[in-house]
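The lines below spell out each chain.
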Amino acid sequence: MKSSMKMGVVALIGVCVVFYQYHLSNGVRFDQLADFNSPDPASAYGAANIPGSEMYDYNGLRRVSEEMIRAAVRNVQNSNGLSPELGNLLVQELMGQFNKLEGVRPEKPCPLPSKKTSTLDPLYIITPTYRRPEQIPELTRMAHTLMLVENVHWLVIEDANVPTEQVTKLLNRTGIKFQHLIAPMPDKYKNKKGAKPRGVSNRNRGLKWIRANATSGVFYFADDDNTYDIDLFNEIRQTQNVSMFPVGLCTKFGISSPVVKNGKFSGFYDGWIAGRKFPVDMAGFAVSVKFLLQRPNATMPYRAGFEEDGFLKSLAPFNPREIQLLADNCTRVLAWHTQTKRNEPSAPLDMKLYGDTNLVHLKQQIV
Ligand code: UDP
Ligand code: MN
């Protein structure tokens, strides 16, 4: 084989590897994220340069087309002098390999939101948040999860006296139905030494909004720093009264979950029981709106460490044996109690040096 031909074959193998990786990595639908990032969805991820890049299959997965393979082989032929016979052979071989791949589908694809008006009952996501360097990145991650969920109504409630402009701007860009509310922590708790009841004023504000505005559906307390599998939202929609499910990265046991034996609830597994009737994490339960509306006194207490227990007890009459077990009888982790490293506020900008530069704009976007 001539050395130029060898180079051609090596280059083609390289192209194949890149295509293969590309094919595998496109199991998610990008159209919403592209809307979020750019007025031109194609250019948002460089798709404009790929021939046939508008090709999606019925699942919204991007496919490698014959046209793309032929274009790649042609490029190598032009630059390295590959013979037309060898070129055709390679096209056929590559098509054969990719057709085999077409049979490979994710085990259980997650349903994605349709652009049509949803017939599903709303899912109210109550998210406490507060101004700090990590606030916008946390809410950005969370927004990207919720953008994949149908008929979601996001109640973003800030522990602040005025809503943060950057938060409002972010929410407006997501296309998610949302409410941006404020609920500062009362001073008597804020000035207290030791553990504070974090996010309680926010969550109670969320409950107040639901009582005033919602009639059906389900609500869920979702802190801004946790990680949520999109399947979680399909699960909690099924909540009749109160549902529960495991939360990963929680307490010294690494998990907090109802214990299920012979398909039935038989207790709680949590690294910190502390005499609680409901030793569960905030991210480990969901409640139906109707169930809440029938309990006008339900509220979350300002008691650090006992917020979940206090709230679930305030839903009386309600007992642990009435818990609806989700996530395949509590065998799947769909919510993670992740925690972000705390960052110090940034140093002030030297306006003498940088007052007429881009840094002024950047500084307005960080804490
Ligand atoms: N939070 C708040 N005000 C505060 C501290 C926290 O609104 O002063 C919110 C925070 O954004 C999060 C929730 O309350 O959504 C729980 O706080 P954090 O994640 O710090 O608690 P942890 O997960 O460590 O128990
Ligand atoms: Mn947290």
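Keep in mind it's a predicted model, so treat the numbers as computed, not measured.

Undergrad: Break down the packing of helix H6 (residues 135–146) against helix H7 (residues 165–174) for me, with residues and values.
TA: It is at 11 Å that the axes of H6 and H7 come closest, and there the two elements cross at 15°. As judged from the angle between their axes, H6 and H7 are roughly parallel. When the axes of H6 and H7 are compared, the crossing they make is right-handed. Contact residues: Gln135, Ile136, Leu139, Thr140 and Ala143 in H6; Gln166, Val167, Leu170 and Thr174 in H7. Here the residues of the contact of H6 with H7 are counted per class, giving five nonpolar, four polar and no charged.

Undergrad: How would you explain the UniProt feature "glycosylation site" (unreviewed entry) in the protein if you had to name every residue and give the values?
TA: As annotated by UniProt and renumbered to match this structure, "glycosylation site" (unreviewed entry) occupies Asn329. Position of Asn329 among the secondary structure elements: in helix H13 (residues 327–330). Aside from chain neighbours lying at most four places away, what touches Asn329 is Val260 and Gly263.

Undergrad: Any details on the site of ligand 1? Residues and values, ideally.
TA: Neighbouring ligand 1 are 15 residues, the closest being Pro128, Asp159, Asp225, His337 and Gln339. Side-chain polar atom of Asn202 to an oxygen atom of ligand 1: 3.0 Å apart, as the coordinates give it. Within the side chain of His337, an N or O atom sits 3.0 Å from an oxygen atom of ligand 1. Contact with the protein chains removes 83% of the 520 Å² of surface that ligand 1 exposes when unbound.

Analysis parameters
Counting restarts for each chain, with residues numbered from 1 along the sequence as it is written. For this description, chains carry letters from A and ligands carry numbers from 1, given in the order in which they are written. This being a predicted model, a pLDDT of at least 70 is required before a residue's local features are given, and a value of 80 or more before pairs of side-chain atoms are given or counted; all residues contribute to the totals for chains, interfaces and linings. Each side-chain value is worked out from all heavy atoms of the structure, with water and hydrogens disregarded. Each axis is a line fitted through C-alpha atoms, taken for helices only over the stretch in contact, and angles between the N-to-C directions span 0 to 180 degrees. We count a stretch as a helix when DSSP gives it H or I for four or more residues in a row; a strand needs E for two or more, and each element gets its number in order from the N terminus. Oblique is the label for any angle not covered by the other classes, which are roughly parallel (under 35 degrees), roughly antiparallel (over 145) and roughly perpendicular (65 to 115). Rotating anticlockwise by less than a right angle from the far helix to the near helix defines a left-handed crossing, while the corresponding clockwise rotation defines a right-handed one. The criterion used for residue contact is that any of the two residues' heavy atoms lie within 4.5 Å. Each residue gets one label: Ala, Val, Leu, Ile, Met, Phe, Trp, Tyr, Cys and Pro are nonpolar, Asp, Glu, Lys and Arg are charged, and the others, such as Gly, are polar. UniProt positions are given in the numbering used here, feature names are shortened, and annotations may be inferred rather than shown by experiment. Neighbouring residues are identified by heavy atoms, a residue being near a molecule or strand if any of them is within 4 Å of it. Here a polar contact is taken to be a pair of N or O atoms separated by no more than 3.5 Å, where protein atoms must pair a possible hydrogen donor with a possible acceptor and residues adjacent in sequence count only if both atoms sit in side chains. The method behind every accessible area is Shrake-Rupley, applied with a 1.4 Å probe, and residues are considered shielded solely by the protein chains displayed.

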